[in-house]
Amino acid sequence: MVNVVDALIVLTALLAVTLGVGGFVQWRQGRPQRQIPNEVVDPQRLGAERLGDTATLLQFSTELCARCPGVHRSLASLAEDREGVLHLDVDLTHRPDIAKHFQILQTPTTLILDGDGTIQTRFGGVPNKHVVELELSRLTGETTRA
Amino acid sequence: MPETTDATPRGIDPRGPRFGAAITSVLLLGTVLLSLVGLSTARAPIGWFAYAPLADDVYSAAATCTIAYASLAERALDPGFLALLVVALLFLWGVVSPRTAPWGVVYRRFVQPRLAPPTDLEDPRPPRFAQGVGLFVSAVGLALHLAGVPWALPIAAAAAFMAAFLNAVFGLCLGCMLYLLLQRVGLVGRARPNAV
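Residues numbered from 1 in each chain as written. Chains lettered and ligands numbered in written order. Predicted model: local features only at pLDDT ≥ 70, side-chain atom pairs only at ≥ 80, totals over all residues.

Tell me about the overall build of chain A, and name the residues and values.
In terms of helices and strands, chain A carries 4 helices and 4 strands. Secondary structure of chain A in N-to-C order comes out as α-β-α-β-α-β-β-α. Relative to the 2.2 N^0.38 estimate, which gives 15 Å for 146 residues, the radius of gyration of chain A is 19 Å and therefore markedly larger than a compact globule would have. Considering only C-alpha atoms, chain A reaches an extent of 70 × 35 × 30 Å along its principal axes. Taken across its 146 residues, chain A has 36% of its residues classed as buried. At a minimum sequence separation of 6, the contacts of chain A that also span at least 24 residues come to 71%. (Helix = DSSP H or I, 4+ residues; strand = E, 2+ residues; numbered from the N terminus. Rg over C-alpha atoms; globule rule 2.2 N^0.38 Å. Buried ≥ 20, exposed ≤ 12 C-beta atoms within 10 Å, placed from the backbone. Contact = placed C-beta atoms within 7 Å.)

Spelled out as structure tokens, the structure:
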């Protein structure tokens, strides 16, 4: 029999671990990953006609994803504000092949592609809006210099 | 046809499910406490079972658990079991009829009128799916407890608590990640007739 004091210690530990996990996941999700293979994305495969001229925000969602609509709105408004930036939202619910190809384990996952369709940045989870803006500025800045 | 109603679900206030998850996580925390001090983790006092080898504590751990000797009625009347049963029934309610589920009703009647109108509406299917995941986890805990497995109750309640708490506080949806994993191994989401 676990006595009440021990049980309360276990409860406190459970709370602390859960808070730690939540904080860590939230911190991880806002941060971009850059160590990704330089893959060129073919828009036809995703059911899109074309990619953005300077950059594409490629979002992956599912029907059963609570946070995808919110991310969709914020990315769509980001793309609207910038010339040559396109926002694509791909529903993976019926496309496990795409999920497998891009090794997507959570939705939303957002890829930022440059003008050539090469994957530059990857966000797992809800991306930090300011970081996305920075990444876009980096890409648009690069193309103006080139 | 459920397919046609599923295709155009009415949007819900996204704060509603998080309000429900907050209440659920408090209930589950209480359940963890009750199950920790109850039958699930109880050990028989030393000397109760003369044949249990006292010297080898680890080896005899399973043999000295009280639950292994408790009757089915004793297992079912454990406060921790009853608490998790209540939470599981609430999960079931949330899966079967999300519109009438108690926390949703409380939210719409007492909380929502005091808040600003929602800036955007959310698809009701993800929270419903998450209720199903919660139901599954608690049902496994309840079944294992009835079968006499020690620690099944607090572990199941703790797992469900973590999911509910992460949803309430951080808005993280573990069920949604699970959905994608299940889809990738081919268990869900493949054979929908209206696939686009």
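An account of the environment of Ser97 of chain B is needed here, citing residue identities and associated values.
With respect to the helices, strands and loops of the structure, Ser97 of chain B is situated in the loop between helix H4 (79-96) and helix H5 (102-111). Residues Ser97 of chain B and Arg75 of chain B lie 22 residues apart in sequence; the distance between their C-alpha atoms is 29 Å.

Tell me about the sheet that holds strand S3 (residues 109-114) of chain A, residues and numbers included.
Residue and element names in this part refer to chain A. Spatially, the 4 strands line up as an open sheet ordered S2-S1-S3-S4, and their pairing is mixed. Every interior strand has two partners, whereas the edge strands, strand S2 (85-91) and strand S4 (119-124), have only one. Along the sheet, successive strands turn relative to each other by an average axial angle of 15°, direction set aside. Pairing between strand S1 (residues 55-61) and S3: 6 bridges, direction antiparallel. (Pairing = 2+ DSSP bridges. Axes fitted to C-alpha atoms, helices over the stretch in contact; angles between N-to-C directions.)

Give me the lowdown on the nonpolar core, citing residues and values where you can.
As a rule of thumb, nonpolar side chains are buried together in soluble globular proteins. Core analysis: the biggest nonpolar cluster contains 66 residues, and Val32, Leu84, Ala157, Ala160, Phe161 and Ala164 of chain B have the highest contact counts within it. Of the residues forming this core, the biggest block, 13 residues, is contributed by helix H7 (residues 152-170) of chain B. Counting contributing residues per domain, this core is built from domain 1 (1-30) and domain 2 (33-145) of chain A, each supplying no fewer than three. When sequence neighbours within four positions are dropped, the list of residues in contact with Ala164 of chain B reads Ala21, Thr24, Ser25, Leu28 and Gly134 of chain B. (Core = buried A, V, L, I, M, F, W, Y, C linked by C-beta atoms within 7 Å. Domains from an automatic or database assignment.)

How would you sum up the interface of chain B and chain A? Please name residues and give values.
Chain B puts 38 residues into the contact, and the matching count from chain A is 29 residues. Going through the elements one at a time, helix H2 (15-36), helix H6 (125-146), H7 and helix H8 (174-184) of chain B are the ones with two or more residues in the side of chain B that touches chain A. Grouping the amino acids of the side of chain B that touches chain A by side-chain chemistry returns 25 nonpolar, 5 polar and 8 charged. (Nonpolar A, V, L, I, M, F, W, Y, C, P; charged D, E, K, R; others polar.)

Can you break down the pairing of S1 of chain A residue by residue, with the values?
Residue and element names in this part refer to chain A. Here S1 lies mainly inside the structure; 7 of its 7 residues are buried. Of the two faces of S1, both are covered, the one formed by Ala55, Leu57, Gln59 and Ser61 as well as the one formed by Thr56, Leu58 and Phe60. Strand direction decides the pairing type here: S1 and S2, joined by 7 bridges, are parallel. When the bridges of S2 are listed, Thr56 appears paired with Leu86. Traced from S1 through helix H2 (residues 68-81) to S2, the parallel crossover comes out right-handed. (Right-handed = clockwise from strand over helix to strand, strands pointing away.)

Help me get a handle on the packing of H2 of chain B against H5 of chain B, residues and values and all.
All names here are of chain B. Two numbers describe how H2 lies on H5: the axes approach to 9 Å, and their chain directions differ by 115°. In this structure, H2 meets H5 at a crossing whose hand is right-handed. Between H2 and H5, the residues in contact are Gly16, Phe19, Gly20 and Ile23 and Trp103, Gly104, Tyr107, Arg108 and Val111, respectively. Looking at the contact of H2 with H5 residue by residue, the class counts come to 5 nonpolar, 3 polar and 1 charged. (Left-handed = near helix turned anticlockwise from the far one by under 90°.)

Describe unusual backbone geometry, with residues and values.
Put simply, Thr107 of chain A and Pro108 of chain A share a cis peptide bond, and its omega is -5°. A positive phi is found at Gln103 of chain A, a non-glycine position, where the angle reads about 50°. For Gln103 of chain A, the location among the structural elements is in the loop between helix H3 (96-101) and S3. Positive phi, normally seen in glycine, also occurs at Trp151 of chain B, with a value near 70°. Tracing the chain through its elements places Trp151 of chain B in the loop between H6 and H7.

Nothing here speaks to function; it is geometry throughout.
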